[in-house]
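# Architecture and fold: a report
In case you want the letters, here they are:
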Amino acid sequence: MLVLGIETSCDETAAGVVLDGRRVLSSVIHTQFDLHGPYGGVVPELASRRHVEAALPVIQTALSQAGIELKDLAGLAVSQGPGLVGALLVGLNLAKGVSFASGLPLAGVNHLEAHAAAGFLELETGDFPVAALVVSGGHTNFYWIKSPLSFELLGRTRDDAAGEAFDKVAKLMGLGYPGGRVIDELAGRGNPDRFELPRPMIGQGLDCSFSGLKTAVLQLVRARWGLEPAPETDLADLAASFQAAVVDVLAAKIDRLLVRRRVGAFILAGGVAANRGLRARVQALTKKRGVRLVLPPVTLCTDNGAMIAAL
Ligand code: KG4
Ligand code: ZN
């Protein structure tokens with residue numbers, strides 16, 4: 001069964017073809033970093049307009065890279081939310097049009113559950129129930145997944161998502177947008193113990209909070225350097241100290257979840273799952289608990305069409 005997945009919920013126009021929910025035949029991603037970079041964040045209207053331009057070529061490339069034509073598909077899947085409304089509408093209406101014209105069935109899928117489904121590509125039916133952390137620019141969600149279509153939300157952020165905190169801290173450090181990857185790189189050269197930062201809600205359940213941590217970084221930057229740019233070594237130490245705080249909190253929650261529930265596997269997914277510090281910590285933690293870790297490749301962790309097709 002060949003399924004084409006279409007994703008336009010934020011600032012990536014993406015399409016992918018997946019065979020039998022198991023094998024990715026193509027995953028084409030047109031990112032809009034260049035468009036939104038100067039504004040320091042995604043501008044929704046610009047994102048929608050770029051999706052309009054990019055969506056058809058991206059879909060056509062996904063089909064040709066998979067070596068198939070529209071008529072070979074069993075069905076279409078499209079990200080139906082959560083996301084930017086105007087951006088979602090582009091993918092949804094395009095998918096409806098293609099479905100209507102071709103007669104192919106269309107399934108709307110939840111974007112966040114699809115992030116976790118990037119991990120399903122490596123699982124067998126017998127591996128369920130599994131747990132997942134979907135940690136992205138918009139969400140920090142812990143899921144209990146009884147079967148591939150049965151998701152229960154166990155915990156989430158009460159304010160900023162972890163990725164949003166990465167992006168905002170990067171912005172206030174003058175590192176540009178999107179900042180998660182830059183902080184990750186800088187952190188590799190910094191001392192995580194140099195600056196003392198809070199670990200919000202680390203001892204409480206599976207809900208998280210990251211807005212106070214972001215404010216703590218802002219106050220530290222203002223107190224130390226005022227309006228001057230911080231020197232490079234200080235920036236690396238600050239990035240490492242901030243990243244360590246986020247990773248400590250997420251690792252503590254994951255550990256709590258794995259102690260409480262017996263799972264066949266743990267999936268770490270979403271854009272922030274690309275973070276090297278988080279990956280290393282979760283690898284060590286799941287090994288200690290004897291739990292199988294499913295860590296999709298970075299290209300399937302950030303927004304993509306293959307995860308939509310997989311779900
Ligand atoms: O899942 P995603 O591509 O889009 C959303 O649905 O939000 O996630 C994007 C988020 C951004 O906040 C970005 O800064 C963050 O993932 N991100 C990272 C890294 N790569 C991307 N955060 C930390 N370390 C990274 N290496
Ligand atoms: Zn996403």
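Up top is the structure.
For clarity, every value in this text was computed on a predicted model and none was experimentally measured.

Once that is clear, we can look at the pattern of salt bridges. Tallied over the full model, the rule gives 17 salt bridges. The partner of Arg50 in a salt bridge is Asp34, with the nearest N and O atoms 3.7 Å apart. With Arg50 in helix α2 (residues 44-66) and Asp34 in helix α1 (residues 33-36), this pair connects stretches of sequence that are 16 residues apart. Among the residues examined, Asp34 registers a relative accessible area of 55% and is labelled exposed. Here Asp255 makes a salt bridge to Arg289, at a shortest N to O gap of 2.7 Å. Highlighted residues: Asp255 in helix α8 (residues 232-260) and Arg289 in helix α9 (residues 276-289), separated in sequence by 34 residues.

With that settled, the discussion passes to the coordination of the zinc ion (ligand 2). Protein coordination of the zinc ion (ligand 2) is provided by His111 (NE2), His115 (NE2) and Asp303 (OD), with donor distances spanning 2.0 to 2.2 Å. Considering all 4 donor atoms around the zinc ion (ligand 2), the spread of angles at the metal, 93 to 140°, places the coordination shape in the irregular class.

Moving on, we get to the layout of surface pockets. In this structure, the largest pocket encloses a volume near 1,200 Å³. As for the largest pocket, its lining consists of 41 residues, and the residues nearest its centre are Asp11, Gly137, Asp167, Tyr177 and Pro178. Those elements that place two or more of their residues in the lining of the largest pocket are β3 (23-31), α4 (111-117), α5 (162-172), α6 (180-187) and α10 (298-301). The element that contributes the greatest number of residues to the lining of the largest pocket is α5, accounting for 6 residues. For the lining of the largest pocket, the residue count by class is 14 nonpolar, 18 polar and 9 charged.

All right, on to the site of ligand 1 then. Surrounding ligand 1, one finds 17 residues, the nearest of these being Gly137, Asp167, Asp184, Gly271 and Asn275. In this structure, an oxygen atom belonging to ligand 1 sits 3.2 Å away from a main-chain N or O atom of Gly180. Within the backbone of Asp303, one N or O atom sits 3.2 Å away from an oxygen atom of ligand 1. The protein chains hide 88% of the 550 Å² of surface that ligand 1 would expose on its own. Mapping ligand 1 onto the cavity grids shows that it belongs to the largest pocket. Looking at the shell around ligand 1 residue by residue, the class counts come to 3 nonpolar, 10 polar and 4 charged.

Quick notes on the rules
Each chain carries its own residue numbering, running from 1 in the direction its sequence is written. Just so you know, chain letters begin at A and ligand numbers begin at 1, following the order they were written in. Residue-level local features of this predicted model are given only where pLDDT is at least 70; pairs of side-chain atoms are given and counted only at 80 or more, and the full residue set underlies all totals for whole chains, interfaces and linings. Each side-chain value is worked out from all heavy atoms of the structure, with water and hydrogens disregarded. Think of a salt bridge as a Lys or Arg side-chain nitrogen and an Asp or Glu carboxyl oxygen that are within 4 Å of each other. Only DSSP runs of H or I covering at least 4 residues are called helices, and only runs of E covering at least 2 are called strands; the numbering of each starts at the N terminus. Each residue's exposure class comes from its accessible area (1.4 Å probe, protein chains only) as a fraction of the maximum for that residue type: buried when under 20%, exposed when over 50%, partly exposed otherwise. Coordination shells were defined by N, O and S atoms within 2.8 Å of each metal, extended to 3.2 Å for Na, K and Ca; water is absent from the atom set, which can make sites look incomplete. Between 85 and 135 degrees for all angles marks four donors as tetrahedral; over 155 degrees for opposite donors together with 65 to 115 for all other angles marks four donors as square planar and six as octahedral; every other arrangement is irregular. The definitions used throughout rest on a 1 Å grid laid over the protein atoms alone, on which a cavity is an enclosed set of points accommodating a 1.4 Å probe that cannot get out and a pocket is an open set flanked by protein within 12 Å on both sides along at least five of seven lines; lining residues are those having an atom within 4 Å of a point. Grid points are joined across faces, edges and corners, and a volume is the space filled by probe spheres set on the points. All amino acids are sorted into three groups, where Ala, Val, Leu, Ile, Met, Phe, Trp, Tyr, Cys and Pro are nonpolar, Asp, Glu, Lys and Arg are charged, and the leftover types, Gly among them, are polar. The near set for a molecule or strand comprises every residue that places at least one heavy atom within 4 Å of it. Contacts described as polar in this section are N or O atom pairs within 3.5 Å, which, within protein, must combine one atom able to donate a hydrogen with one able to accept it, while residues neighboring in sequence count only if both atoms come from side chains. Accessible areas in this description were obtained via Shrake-Rupley with a 1.4 Å probe; residue shielding takes into account the shown protein chains only. If over half the atoms of a molecule are within 2 Å of the grid points of a cavity or pocket, the molecule is regarded as sitting in it.

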